[in-house]
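# Geometric and topological summary
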Amino acid sequence: MNARAEVSKVIFPFHGGVHPPEHKDESSQTPIAAMPVPRQLVVPLHQSIGNIAKALVAVGDTVLKGQMIAEADGTVSAAVHAPTSGRVVAVGPTLVPHPSGLPEHCVTIESDGEDRWIERNRFDWRNAEGRIIRDYLRDMGVVGLGGAVFPSHLKIGGARDGLDTLVINAAECEPYITCDDLLMRERAAQVVEGIKIVQHLLQARQVLVGIEDNKPQAAQAMREALKNAAINFPADVVVVPTLYPSGGAKQLIKLLTNIEVPSGVRSTDLGVQCFNVATIYTIYRALEHAEPVISRVVTITGNVQRPGNVDALIGTPIADLLAFAGDKPGSQAYIYGGPMMGFELPGTSLGLSKAGNCIIAKNGALFPEKPVEMPCIRCGKCADACPAELQPMDLYWFGKSKNFGKAQERNLFDCIECGACAYVCPSNIQLVDYFRFSKSEIWAAEKAKKAADQARERHEFRQFREEREKREKAERAAAKAAARTEASGGNVAEAADAERAAKIKAAMERAAAKKVEAAAAQTASDSVTPIDPDAVSVPMGQAAIAPTSNEAPQAVESAAPALDPEKAERIRAAMEKRAAEKAAAEAMSPEEKAAKEAEKKAKIAAAMERAAAKKAGQAAQQQPGE
Amino acid sequence: MLLAFVLALGIMAALALLLGAVLGWAAIRYKVDEDPLVDKIDAILPQTQCGQCGFPGCKPYATAIAGDEADINRCPPGGEDGIRKLADLLGKEFKPLNAENGEEKPKSLAVVDEAVCIGCTLCVQACPVDAIVGAAKHVHTVVSSECTGCELCVAPCPVDCIDIVPVGETVTSWKWRYPVIPLTPVKVAA
Ligand code: SF4
Ligand code: SF4
Ligand code: SF4
Ligand code: SF4
Ligand code: SF4
């Protein structure tokens with residue numbers, strides 16, 4: 001183990017934490033290597049929390065380095081850019097770095113080897129409004145590079161009266177990973193420029209850079225860079241003891257400021273905002289050099305010949321990265337992220353994403369087979385280790401028995417999935433797996449509930465609308481009838497009345513017949529008046545059977561002029577089938593059908609009435625109650 | 001002594017009578033009109049509004065269950081999970097889905113083949129949640145975020161251009177699996 005930096009005097013330890021073997025020296029001894037541009041890049045479009053970016057390119061398009069290939073979809077989303085110049089060879093679902101192993105939208109670019117930049121104009125951010133800067137960052141695809149890929153533009157702004165403390169997260173607490181360490185050692189000046197920008201944007205009154213004591217060179221480099229930069233705000237490097245997970249946002253905020261962020265509260269509301277150091281660097285590159293996020297430093301370590309850090313383009317296939325570092329035989333799997341929070345990659349053909357801070361080639365020597373899970377003995381070690389101050393053994397029990405409500409009550413969603421509990425568990429229980437399982441079940445249930453509520457609302461509204469339309473129609477008819485009897489005076493002879501009624505009836509019948517014909521000709525019903533579907537479709541069916549006897553087929557053609565004969569044939573066949581089905585249904589039991597229909601309508605009406613009465617009742621009750 | 005005893009008894013009896021009267025009055029005065037049970041049942045039903053249960057929508061089925069007029073195993077979209085929840089709520093025994101009502105299917109969506117649609121609007125009239133948009137003689141389309149996959153629009157379409165396609169699992173809808181203890185297979189020499 002290397003020399004340690006001296007831990008700063010004022011730190012405020014968080015609860016729990018563990019100290020797994022660091023394994024950092026393997027990859028931190030060599031400078032960041034520049035990875036040559038690979039022949040092909042697979043750029044995932046879902047590279048941030050929130051909505052997947054919308055593709056702007058199609059197969060065959062040529063793109064330039066830095067050209068936006070997918071734009072942000074909504075607020076919680078970020079753009080994606082071409083990492084090099086070349087030609088788009090595929091747009092569509094491809095394997096992505098995700099534990100599911102499912103494909104998602106990617107743009108595959110074949111590089112032309114020229115690595116030609118798109119024209120870049122420096123953005124005058126100093127004179128721009130906050131909103132414009134946020135949009136710019138979103139369009140530059142700036143997201144949190146610490147692993148969570150939260151769109152950075154959402155963290156900038158909002159705090160009108162400024163921020164107390166801007167925390168720069170450079171703790172890099174997870175074993176094996178050294179990309180932030182190397183970034184600070186080699187590019188400290190640029191990181192400090194980034195700090196200046198973010199401090200300015202957030203109007204932060206002080207800046208604290210948190211670094212674990214196992215990175216003395218990085219701490220030194222940052223201190224010097226801060227000294228050399230002309231800064232007009234208090235800024236300090238705070239060296240914290242190496243203790244996993246000190247790099248968790250809440251944990252680092254506690255360490256540096258002694259502020260505990262309670263469950264469900266945003267740190268901004270307490271005057272603190274936390275940015276990963278690599279993110280700060282990309283914000284600087286975006287605002288000062290108009291460079292979108294198209295590359296990142298990634299640690300490649302574990303069972304490889306030359307472990308180290310590489311500056312790689314986003315979309316670089318993992319296989320290329322491994323080849324660059326000298327893949328050794330005997331790797332069972334490749335971990336994406338660190339050993340505590342990462343996951344095993346579903347393949348090596350997929351492209352590097354912005355979240356990819358580390359790739360570990362895993363073999364039996366480094367990662368021995370996990371012993372078999374034993375029953376929980378309620379030793380409480382997991383609770384002692386949990387930085388979120390949870391009771392992992394209880395959450396585990398609730399997750400295992402699928403009692404998700406209880407798990408949620410015990411603040412399951414405060415769990416940061418750090419894995420400290422599983423690390424200390426003497427029974428080798430893979431606690432985090434249960435927490436992830438519970439969380440995704442709860443999310444799915446919530447989604448389903450939302451969808452059901454929406455469907456219920458829409459269904460009730462539709463019923464209400466149908467009722468109203470029916471009532472209005474009846475009212476209109478009644479008004480008409482009343483007007484008619486009034487006009488006739490009432491003292492006309494009964495015979496004349498009967499005659500008149502007969503005439504009207506005949507006229508109405510004629511009109512109805514005409515209407516049916518017209519409907520058949522158009523093969524369309526006027527959307528508002530509910531026409532009996534049978535009345536429409538039966539003549540249509542006849543028309544299909546005897547095409548020359550009626551205008552219907554012609555209308556079909558004119559309604560969809562682009563139909564080719566094959567499609568027309570398909571339509572005709574389908575219509576015949578439908579007509580036959582309808583006829584069969586008709587022949588079966590018309591009375592029964594009518595009865596059923598009436599019953600259904602009555603039921604719906606009754607239900608509506610009940611719902612309305614209940615709503616009124618609820619409203620009446622709620623007023624005094626709440 | 002005896003007097004005290006009788007007095008105590010008397011006070012107790014009077015209190016009991018008084019409280020009983022208050023409770024009885026409250027039950028009448030604050031009577032809840034609608035059975036809240038219907039709402040509780042309706043909250044469990046998936047709101048697909050498909051009518052497979054034999055009732056014209058989820059709410060009527062919920063009403064029937066609450067009135068003990070229908071069994072709890074008639075909703076295919078709700079599946080076994082739904083039946084279990086209903087059984088829990090009503091304190092009834094779980095029973096498998098009634099096959100007559102259909103079978104549990106994966107979540108699906110309606111998709112209109114826009115090249116074939118003739119714009120007859122019949123599907124619009126059939127959709128219980130107004131998930132289909134389109135004007136007469138124009139191509140219709142399904143708003144997938146609103147569609148419950150109830151299949152009610154399929155039958156009325158005269159040109160058979162509506163397909164019900166299952167919604168596959170995507171990266172966003174993917175769920176972590178229930179952790180299983182991995183069993184290492186014993187390697188057999190080839
Ligand atoms: S550490 Fe493991 S065995 Fe101990 S209480 Fe927690 S889950 Fe149970
Ligand atoms: S994984 Fe969750 S429960 Fe376990 S120690 Fe970390 S925060 Fe606590
Ligand atoms: S079967 Fe289920 S989803 Fe369909 S209407 Fe009946 S209760 Fe609703
Ligand atoms: S579009 Fe079709 S399947 Fe979807 S909800 Fe409407 S009627 Fe049901
Ligand atoms: S019922 Fe079929 S043809 Fe008619 S509008 Fe709907 S999708 Fe188009």
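Model, not experiment: these values are computed from the prediction. Per chain, residues are indexed from 1 in the order of the written sequence. All chains are assigned letters beginning with A, and all ligands numbers beginning with 1, in the order in which they are written. Only residues with pLDDT of at least 70 are given local features in this predicted model, and only at 80 or more are side-chain atom pairs given and counted; all residues enter the totals for whole chains, interfaces and linings. In computing side-chain values, all of the structure's heavy atoms are included and hydrogens and water are not.

## Considering a nonpolar patch on the surface
Residues and elements named next belong to chain B. Like charges within 9 Å and nonpolar side chains (Val, Leu, Ile, Met, Phe, Trp, Tyr) within 5 Å are joined into patches, using only residues over 30% in relative accessible area that form no salt bridge. Only the protein chains shown count as covering a residue, and every accessible area follows the Shrake-Rupley method with a 1.4 Å probe. Within this document, salt bridges are pairs made up of a side-chain nitrogen of Lys or Arg and a carboxyl oxygen of Asp or Glu, the two lying within 4 Å of each other. A cluster of nonpolar side chains, Leu7, Ile11, Leu15, Leu18, Leu19 and Val22, forms an exposed patch at the surface whose accessible area comes to about 580 Å². Its place among the elements puts isoleucine 11 in helix α1 (residues 2-29). Only protein chains enter the accessibility calculation, which uses a 1.4 Å probe. A residue is then buried if its area is under 20% of the maximum for its type, exposed if over 50%, and partly exposed in between. Of the residues examined, isoleucine 11 reaches a relative accessible area of 48% and is grouped as partly exposed. Only DSSP runs of H or I covering at least 4 residues are called helices, and only runs of E covering at least 2 are called strands; the numbering of each starts at the N terminus.

## Overview of the UniProt feature "binding site: [4Fe-4S] cluster 2" (unreviewed entry) in chain A
Residue and element names in this part refer to chain A. UniProt positions are given in the numbering used here, feature names are shortened, and annotations may be inferred rather than shown by experiment. Under the local residue numbering, the UniProt record ascribes the feature "binding site: [4Fe-4S] cluster 2" (unreviewed entry) to Cys386, Cys415, Cys418 and Cys421. Across 36 residues in sequence, these annotated residues keep their C-alpha atoms within 10.5 Å of one another, forming a single compact spot. Mapped onto the elements, cysteine 386 comes out in the loop between α8 (381-385) and α9 (392-400). Overall, the relative accessible area of 8% leaves cysteine 386 in the buried class. If we skip the residues at most four places from it in the chain, cysteine 386 touches His15, Gly16 and Pro392. One can find cysteine 421 in helix α11 (residues 420-424). Note on definitions: a residue-residue contact is assigned when non-hydrogen atoms from the two residues lie within 4.5 Å. Once you skip the residues sitting within four places of it in the chain, cysteine 421 turns out to touch Cys382, Pro392, Leu431 and Phe435.

## Some thoughts on helix α3 (residues 179-202) of chain A
All names here are of chain A. To estimate the expected span of a helix, subtract one from its residue number and multiply by 1.5 Å. Taking 1.5 Å of rise per residue, 24 residues should cover 34 Å, yet α3 covers just 26 Å from first to last C-alpha, more than 12% shy of that figure. Note on bend: the value at a residue is the angle between axes fitted to the seven residues ending there and to the seven starting there. When the local axis directions of α3 are compared, the greatest deviation, roughly 95 degrees, occurs at arginine 187. For α3, the buried fraction is high: 17 of the 24 residues fall into the buried class. Positive phi appears at glutamine 203, one or two residues downstream of α3, with a value of about 55 degrees.

## Regarding the domain arrangement of chain B
All names here are of chain B. Marked domain ranges trace back to an automatic or database domain assignment. Split into domains, chain B comes out as domain 1 (36-101) and domain 2 (106-178). Using only C-alpha atoms to locate each centre, domain 1 and domain 2 end up separated by 24 Å. The buried area of a pairing is the accessible area, by a 1.4 Å probe, that goes missing from both parts when the two are put together, added over both. Summing both sides of the interface, domain 1 and domain 2 together bury roughly 320 Å²; the carbon and sulfur share of this comes to 64%. Among the residues domain 1 hides against domain 2, the three largest losses belong to Thr48, Gln49 and Cys50. Together they make up 91% of the total. Counting across the interface, domain 1 meets domain 2 through zero salt bridges. Polar contact is defined as a pair of N or O atoms within 3.5 Å, subject to the rule that within protein one atom must be able to donate a hydrogen and the other to accept it, and that residues adjacent in sequence are counted only when both atoms are side-chain atoms. Taken together, the links from domain 1 to domain 2 amount to one residue pair in polar contact (both at pLDDT 80 or more). Polar here means any residue other than Ala, Val, Leu, Ile, Met, Phe, Trp, Tyr, Cys and Pro, which are nonpolar, and Asp, Glu, Lys and Arg, which are charged; Gly is therefore polar. Of the residues in the side of domain 1 that touches domain 2, the class split is one nonpolar, three polar and no charged.

## Examining the confidence of the model for chain A
All names here are of chain A. Chain-level pLDDT for chain A is 83 on average; 77% of the residues reach the 70-or-more range. Confidence per residue, as judged by the predictor, is encoded in pLDDT with a range of 0 to 100. Per-residue pLDDT stays below 50 along residues 521-563; that stretch engages in 53 contacts with residues further than four places along the chain or on separate chains. Here residues 622-626 scores under 50 on pLDDT; set against residues more than four positions off or in separate chains, the count is zero contacts.

## Some words on the state of the cysteines
Sulfur atoms of two cysteines make up a disulfide when they are within 2.5 Å. Counted by the stated rule, this structure contains zero disulfides over all chains. Its sulfur unpaired, Cys274(A) is 11 Å from the next cysteine sulfur, which belongs to Cys173(A).

## Re the UniProt feature "binding site: [4Fe-4S] cluster 1" (unreviewed entry) in chain A
Residues and elements named next belong to chain A. Taken from the UniProt record, the annotation "binding site: [4Fe-4S] cluster 1" (unreviewed entry) applies to Cys376, Cys379, Cys382 and Cys425. In terms of the greatest pairwise C-alpha distance, the residues named above, spread along 50 residues, form a tight cluster of at most 10.5 Å across. Residue position: cysteine 382 is located in helix α8. Once residues within four sequence positions are removed from consideration, cysteine 382 is found in contact with Pro392, Met393, Cys421, Val424 and Leu431. Positionally, cysteine 425 belongs in the loop between α11 and α12 (431-487).

## Quick word on the site of ligand 4
Nearness of a residue to a molecule or strand requires only that one of the residue's heavy atoms be within 4 Å of it. Near ligand 4 you find Ala110(B), Cys127(B), Pro128(B), Val129(B), Ile132(B), Val142(B), Cys147(B), Thr148(B), Gly149(B), Cys150(B), Glu151(B) and Cys153(B), and these make up its full shell. Looking at the shell around ligand 4 residue by residue, the classes come out as nine nonpolar, two polar and one charged.

## Considering the packing of α3(A) against helix α4 (residues 216-228) of chain A
Residue and element names in this part refer to chain A. For the pair α3 and α4, interaxial distance at closest approach is 8 Å and the crossing angle is 25 degrees. Put simply, α3 runs roughly parallel to α4. Along this stretch, α3 crosses α4, giving a crossing that reads as right-handed. Where α3 approaches α4, its residues Asp181, Met184, Arg185, Ala188, Ala189, Val191, Val192 and Ile195 are matched on the opposing element by Gln217, Ala218, Ala221, Met222, Ala225 and Leu226. Note on geometry: axes are lines fitted to C-alpha atoms, helical ones only across the stretch in contact, with angles between N-to-C directions running from 0 to 180 degrees. Just so you know how the angles are binned, under 35 degrees is roughly parallel, over 145 roughly antiparallel, 65 to 115 roughly perpendicular, and the rest oblique. Crossing handedness: left-handed means the near helix sits turned counterclockwise from the far one by under a right angle, and right-handed means the same turn made clockwise.

## Notes on the sheet that holds strand β12 (residues 272-276) of chain A
All names here are of chain A. Strand pairing follows a simple DSSP-based rule, namely that at least 2 bridges must link the two strands. Taken in spatial order, the four strands line up as β11-β10-β9-β12 in an open sheet, and their pairing is parallel. Each having just a single partner strand, β11 (235-240) and β12 make up the two edges of the open sheet. Looking at each pair of strands side by side, their axes are set apart by 25 degrees on average, direction ignored. Note that strand β9 (residues 163-170) and β12 share five bridges and pair parallel.

## Here we look at the site of ligand 1
Around ligand 1 lies a shell of 13 residues, among which Cys376(A), Cys379(A), Gly380(A), Cys382(A) and Cys425(A) are the nearest. Looking at side-chain class alone, the shell around ligand 1 contains nine nonpolar, two polar and two charged residues.

## Focus: the packing of aromatic side chains
Two aromatic rings from Phe, Tyr or Trp, using only the six-membered ring of Trp, form a pair when their centres are within 6.5 Å; if the ring planes differ by under 30 degrees the pair is stacked, by over 60 it is edge-to-face, and anything between is tilted. Tallied over the full model, the rule gives eleven aromatic pairs over all chains. Plain terms: the ring middles of Tyr434(A) and Tyr178(B) are 6.2 Å apart, the flat faces sit at 90 degrees to each other, and that makes the pair edge-to-face. With Tyr434(A) in helix α12 and Tyr178(B) in the segment after β4 (162-166), this residue pair bridges two chains. Since its relative accessible area comes to 30%, Tyr178(B) is described here as partly exposed. An aromatic cluster of three or more residues is present, and its members are Tyr396(A), Phe404(A), Tyr434(A), Phe437(A) and Tyr178(B). The ring of Trp117(A) carries the charged tip of Arg120(A) above its face, separated from the ring centre by 3.8 Å. The rule for a charge over a ring is simple: NZ of Lys or CZ of Arg within 6 Å of the ring centre, and within 35 degrees of the ring normal. Stacked on the ring of Tyr178(B), the Lys or Arg Lys402(A) has its end atom at 5.0 Å from the ring centre.

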